[in-house]
Amino acid sequence: MGLRGIVLLLLALLAGAAARAPPRADCAAGNLECACAAAGGAWHAYKPPLEPVCTVTILHQDRERTFNIFLPRAYDARAQKYPVWVHLHGVYWASMDDISARMGFTVQATEATPMWDTLSTGPYRDTAVAVYPQALPPGGDAFKRTFWNNPFWHCSVDVCADPSIDDIGFIEKVFLELPARLSMDRKKVFLSGTSAGGMMLHTLLCSSPIVSHFTTAAVDLIGGLGESMRHTCRDSHHVPLRIIHGENDTVLHFDEACEVDGVRFLSTRDTAAMWKERYGCASEPDAPDVWGDGITTCDALCAKKGLLELCRMRGIGHQLDVPTLGYPFTAAWEFFKSVAGMK
Ligand SMILES: *[C@@H]1O[C@H](CO)[C@@H](O)[C@H](O)[C@H]1NC(C)=O
């Protein structure tokens, strides 16, 4: 991290510490509504198929921004510190899977995607707190394509993100505010992103000393890196990173560069190679097959430091529901557990 990064980080830490006093943690175990209030959030007791959620609203650039928190069902801030898993959603619109019609209201990305990702329903839900920052829907209309204002990719099909939106600063603010709102284990803070969220994850690791300082391990799931970033990606803290991508992805290709919405993207392989260089492992041979589960096979690109893995999902395209709903999150979780030394 350069001097600029250190100064930014210190300023941010001071601002974060001043922002809120720690919450009073006198809620009974499993009283999530109480824990949500202690976190400064509003509790929404949604019916299935959605999960109940705690929504926190913060101000950034004089705009109201939200992030959703999913607490383990037996959450007890008095007794335990929890791993926190921050996830950046991909492109979303409110008619996906007919979810808004089924619920009878306009469902936001961070209400629906956690269930499809299985972070609010899967085997990790009672171990880690899941945190979902919400991108701003274009013109406030969640039925339009909703995604991040990423410096290297900000238009999706016919919709462009408002160029004045500072999503990097917003996500930094979420990271800074979490410790005061949750009983969290600061040595177990995980970051993942899917598709457009995976793109944003690379942008954050390239440009945010705050996010890379707080992140214990990161996983890009079917995201990508714009070619323009290859040379502007700044030296960041070396966050252990696993990149998981489908070998049959025809949107962002594993082995070939491609163009999406007029933006040139590196292949997944070259994205991993860029990080290998950043992490100072360029001369190290790759170690094949360091992890696998029958669908995904991972190579270590920086084996001595164990920091960087490139994983190929066999027979899988630009999807998160093959072979099962939310499958690749289980491969992300295995990485997080191994980096953080969890069972
Ligand atoms: C997926 O990609 C692999 C490797 O490129 C190829 O061998 C296989 O035929 C592809 N499968 C499909 C269904 O396209």
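Above this text you will find the structure in question.
What comes next is a walk through the structure. Every value quoted in this text rests on a predicted model; they were computed, and no experiment measured them.

### Describing the overall build of the chain
Stage number 1. A tally of regular secondary structure across the chain gives ten helices and 15 strands.
Stage number 2. Against the globule reference of 20 Å for 343 residues, the chain gives a C-alpha radius of gyration of 19 Å, in line with a compact fold.
Stage number 3. Overall size of the chain, expressed as C-alpha extent along the three principal axes, is 55 × 40 × 40 Å.
Stage number 4. With an accessible surface of roughly 14200 Å², the chain has 53% of that area assigned to carbon and sulfur atoms.
Stage number 5. A distance of 7 Å separates the average location of the 31 positive side-chain charges in the chain from that of its 38 negative side-chain charges.

### Topic: the environment of Ala 273
Stage number 1. Mapped onto the elements of the fold, Ala 273 is located in helix α9 (residues 268–278).
Stage number 2. In this structure the C-alpha to C-alpha distance between Ala 273 and Gln 319, which are 46 residues apart in sequence, comes to 23 Å.

### Structural notes on the state of the cysteines
Stage number 1. According to the stated counting rule, one finds six disulfides in the structure shown.
Stage number 2. Two residues, Cys 36 and Cys 54, share a disulfide whose sulfurs are 2.1 Å apart. Between Cys 36 and Cys 54, the disulfide has an S-S torsion of 85 degrees and is therefore right-handed. Here Cys 36 is found in helix α2 (residues 32–38), whereas its partner Cys 54 is found in strand β2 (residues 53–60), with 18 residues between them in sequence.

### Some words on the packing of aromatic side chains
Here the distance between the centres and the angle between the planes together describe a pair of aromatic rings.
Stage number 1. Taken as a whole, this structure holds 14 aromatic pairs when the rule is applied.
Stage number 2. With centroids separated by 6.2 Å and ring planes inclined at 45 degrees, the aromatic side chains of Trp 85 and Phe 329 adopt a geometry described as tilted. Of this pair, Trp 85 sits in strand β4 (residues 82–88) while Phe 329 sits in helix α10 (residues 327–340), and the two are 244 residues apart along the sequence.
Stage number 3. Classification of Trp 85 by relative accessible area gives buried; the value is 1%.
Stage number 4. Note on Phe 190 and Trp 333: the rings are 6.2 Å apart at their centroids and 85 degrees apart in plane angle, and the pair reads as edge-to-face.

### Some points on the sheet that holds strand β9 (residues 217–221)
In sheet architecture, strand pairing relies on hydrogen bonds along the backbone and comes in two forms, parallel and antiparallel.
Stage number 1. Taken together, eleven strands build an open sheet; the order of strands is β1-β2-β3-β5-β4-β8-β9-β10-β15-β14-β13 and the sheet is mixed. Edge positions in the sheet fall to β1 (42–44) and β13 (287–292), since each has one partner strand and no second. Averaged over all pairs of adjacent strands, the angle between strand axes in this sheet comes to 25 degrees, irrespective of strand direction.
Stage number 2. Inspection of the sheet shows β4 paired to strand β8 (residues 184–194) by six bridges, in the parallel sense. Note on β8: the bridge partner recorded for His 87 is Ser 192.
Stage number 3. Across the sheet, α9 lies against β10 (241–246) and β15 (308–313), angled at about 170 degrees from β15, the strand it touches most.

### Considerations on the side chain of Ser 120
Stage number 1. In this structure, Ser 120 sits in the loop between α4 (109–117) and β5 (129–133).
Stage number 2. Residue Ser 120 is classed as buried on the basis of its relative accessible area of 5%.
Stage number 3. Within polar-contact distance, the side chain of Ser 120 engages the backbone nitrogen of Met 115 at 3.4 Å.
Stage number 4. Setting aside anything within four residues of it in sequence, one finds Ser 120 in contact with Glu 51, Phe 70, Pro 114, Met 115 and Arg 125.

### Digging into α4
Stage number 1. Of all nine residues in α4, nine are buried, a share of seventy percent or more.
Stage number 2. For α4, the full list of buried residues reads Ala 109, Thr 110, Glu 111, Ala 112, Thr 113, Pro 114, Met 115, Trp 116 and Asp 117.
Stage number 3. Looking at the packing, one finds that the buried side of α4 touches β3 (63–70), β4, α3 (99–103), β5 and α10.

About the cut-offs
Numbering of residues begins from 1 in every chain and follows the order in which that chain's sequence is written. Since the coordinates come from a predicted model, pLDDT governs what is reported: local features require at least 70, and pairs of side-chain atoms require 80 or more to be given and counted, while whole-chain, interface and lining totals use all residues. To get the side-chain values, all heavy atoms of the structure are used, and hydrogens and water are removed first. Comment: elements are numbered from the N terminus, with helices defined as DSSP H or I runs of at least four residues and strands as E runs of at least two. The globule rule used here is 2.2 Å times the number of residues to the 0.38 power, and the radius of gyration it is set against is calculated over C-alpha atoms. Computed with a 1.4 Å probe, the accessible areas rest on the Shrake-Rupley method; for each residue, only the protein chains presented here act as cover. Under this rule, positive means Lys or Arg and negative means Asp or Glu; His and the chain ends count for nothing. Charged groups are reduced to one reference atom each: NZ for lysine, CZ for arginine, CG for aspartic acid, CD for glutamic acid. Any pair of cysteine sulfurs within 2.5 Å is marked as a disulfide. Each pair of aromatic rings taken from Phe, Tyr and Trp, with Trp reduced to its six-membered ring, is defined by centres within 6.5 Å and is described as stacked if the planes are under 30 degrees apart, edge-to-face if over 60, and tilted in the remaining cases. Partly exposed describes any residue whose relative accessible area lies between the buried limit of under 20% and the exposed limit of over 50%, with all areas from a 1.4 Å probe on protein chains only and scaled to the type maximum. Pairs of strands are assigned from DSSP output, requiring at least two bridges between the strands. Lines fitted to C-alpha atoms define the axes, with helix axes restricted to the stretch in contact, and inter-axis angles between N-to-C directions lie between 0 and 180 degrees. Residue contacts follow a heavy-atom distance rule, with two residues in contact if any of their heavy atoms lie within 4.5 Å. What qualifies as a polar contact is a pair of N or O atoms within 3.5 Å, subject to a donor-acceptor requirement within protein and to the restriction that residues adjacent in sequence count only when both atoms come from side chains.

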